[in-house]
Amino acid sequence: MSADYSHLSSAILEQCFGKVVQAVADCLFSATTRTLGQITSATKLSRKEVAFALAVLVKFRLVDFTASKANPFLAEYALRREDVLCLLRYPRYVHLVQTKYGNVGASISEELINSGSDTATGILLKCLAENENKAESPESYRNTFLEMITDHYIIKRPELLVGDDQDENVPKFETNECDFFRHPNIDLQLLAKIQKGEATLAEARDSHMVWNLNHDRFHQDFRDTIMVDAIERKLGENAAECFRFILKIMYNTTDPWERKLSNQITFVEIKQAIERKSNNLDLMKYLDQYISLLTEDSLGFFRRVGDMGGGVYVVDMEHAFESLAFACVECVITERFGSKAARIFRVIRCKKYIEQEDLQKEAMIPSKEAKSLAYNLFQEQFIHVKIIKKPGGGSNGPAKAFYLFQVREKDTVRMLLDASYKSLYNTIERSNYEKNEHKGLIEKSQRLDSIVEAMKERGETDEYIAEIVETFTPPECEILNKVKNRIKTLSKAELTLDDTIFLLQMYQHHCTTLPTGIRKFK
């Protein structure tokens, strides 16, 4: 992990949990594993503060612990660095759940986010206590919770092993993949008794089963949306709908996080799935033509590998995210250096290796301008130079050197990813600065808004309310509006940067052999 990601993680953790948790996480970030004593001495915090911070991080699935190999009575803690960035994506998770399961699903996901992890009964009690959806019954909450487990949006954490032979101080957990999505036994009658105070949460049958959101399932949907949207922009809605069905078929036989290629899909399977579940008559009528469009498209998402069953196809994740990632890189180059620089970058990437003289001819750009743009791209590490030396003709003759431009794709993506981390960190810091700098004004505005709301509920006259509102002077209103606009712009920038980071992370997962934070189950 880079220094830029370290700074970003630190800022996110401070924003979400405060300075104590941030200090403990920073200590863990700088090492593979640390014990409680090592963290206490490194952070200069009290043992109690460190233990509480670790408990919070463990509950939110940001820290794992295992028994030390040297001393089985001593726990070693490790930070899950890749998952820190997921904290910024919580609003997107809630929005996705609300789209699929309505307000009940959104309420459940919000409580899971706030709790980090909890039992099913505990989550449902909190949802019912909020009373946001008064018309909804406890049964609807239970059914939605179970449906989210079936669809893998909620996952069970490994269960604590309890037995007579467990004398070690470090708890051990049983990891059984078959149980990760097994439905809990939620007793609605007990739930009603707990609400009335006639029973306690400890009496629930599912008290040993702890649940949390499954980040990878959400990321799978985000990844699919990127691919479907790219096809829709280029080939139209019907082609996008066709590819959406292809992805659903793919997940029946292929691990969702397979790095390179999916298992084979036949034309007959695609046709049967669309005939059963789609109402799009144009898609059914011209299905073979839309399949041909997808296979012949330069994006390379879908390709034909055989002729059996009307045609055998695979989804090429590697080629898909290579195309999408470098479209993103070219957009960045266009914004920073102009369209001619993007053309030079495309020429170099297409030719693999190219000399300066050939570059200006291929890109059809004047020599002086081509040299300037190529130098700018080289300076910013978008392109690189490979030196090939050739011995001279005579025994004492000087060696000849050829300087060839090339694009090191993995290095370019990694550089852009680090730049995105740095930009996101700067955006968060600037937003925090604006909030702290005008904290008094923002609090005054919030107090005034709450007073006005209370007055409206009491039925005060409009003239009296207007007098209260006028206590907020026009200069203060102007400053507050500017601050709100700046914070809103920075929030939009955060979302855009996170989209770019996610796309580049998908490139790293599907197009390289680098280890990523993506696992089948977490």
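Quick caveat: nothing in here was measured; it's all calculated off a predicted structure. (Residues numbered from 1 in each chain as written. Predicted model: local features only at pLDDT ≥ 70, side-chain atom pairs only at ≥ 80, totals over all residues. Heavy atoms only, no water.)

The biggest cluster of nonpolar side chains holds 142 residues, and the ones touching the most others in it are Ile108, Phe145, Phe243 and Ile246. Counting residues per element, this core draws most heavily on helix 5 (residues 90-115), which supplies 11 residues. Non-local contacts of isoleucine 108, meaning those with residues more than four positions away in its chain, are made with Ile123, Cys127, Tyr141, Thr144, Phe145, Met148 and Ile154. Within the second largest apolar cluster, eight residues are counted, among which are Leu441, Leu448, Met455 and Ile468. (Core = buried A, V, L, I, M, F, W, Y, C linked by side-chain atoms within 4.5 Å. Buried < 20%, exposed > 50% of the residue type's maximum accessible area, 1.4 Å probe, protein only. Helix = DSSP H or I, 4+ residues; strand = E, 2+ residues; numbered from the N terminus. Contact = heavy atoms within 4.5 Å.)

A few words on the domain arrangement of the chain. Taken as a whole, the chain is organised into domain 1 (3-79), domain 2 (82-213), domain 3 (218-315), domain 4 (320-407) and domain 5 (412-511). Counting residues at the interface gives seven residues for domain 1, matched by eight residues for domain 5. Between domain 1 and domain 5 lies a buried interface of about 710 Å² when both sides are counted; carbon and sulfur atoms form 70% of it. Looking at the side of domain 1 facing domain 5, the largest losses of area belong to Asp4, Leu8 and Gln15, adding up to 62% of the total buried there. Across the domain 1-domain 5 interface, the total number found is zero salt bridges. The residue makeup of the side of domain 1 that touches domain 5, split by class, is four nonpolar, two polar and one charged. (Domains from an automatic or database assignment. Buried area = accessible area lost by both parts, 1.4 Å probe. Salt bridge = Lys/Arg side-chain N within 4 Å of Asp/Glu carboxyl O. Nonpolar A, V, L, I, M, F, W, Y, C, P; charged D, E, K, R; others polar.)

Quick look at the sheet that holds strand 14 (residues 400-406) now. Two orientations exist for strands paired in a sheet by backbone hydrogen bonds: parallel and antiparallel. An order of 12-14-13 is seen for the three strands of this open sheet, with the pairing classed as antiparallel. The sheet is open, and its two borders are formed by strand 12 (354-355) and strand 13 (384-390), each paired with just one other strand. Sheet analysis places strand 12 next to strand 14, joined by two bridges and oriented antiparallel. Bridge pairing in strand 14 links glutamate 355 to leucine 404. (Pairing = 2+ DSSP bridges.)

What the rule picks out here adds up to 17 aromatic pairs. With a centroid separation of 6.2 Å and an interplanar angle of 40°, the aromatic rings of tyrosine 5 and phenylalanine 29 are classed as tilted. You can see tyrosine 5 sitting in helix 1 (residues 3-17) and its partner phenylalanine 29 sitting in helix 2 (residues 19-29), a full 24 residues away along the chain. Phenylalanine 29 carries the same exposure label as tyrosine 5, and that label is buried. One aromatic cluster in this structure is built from Tyr90, Tyr93, Tyr101, Tyr153, Phe218, Phe222 and Phe502. (Phe/Tyr/Trp six-rings, centres within 6.5 Å; stacked < 30°, edge-to-face > 60°.)

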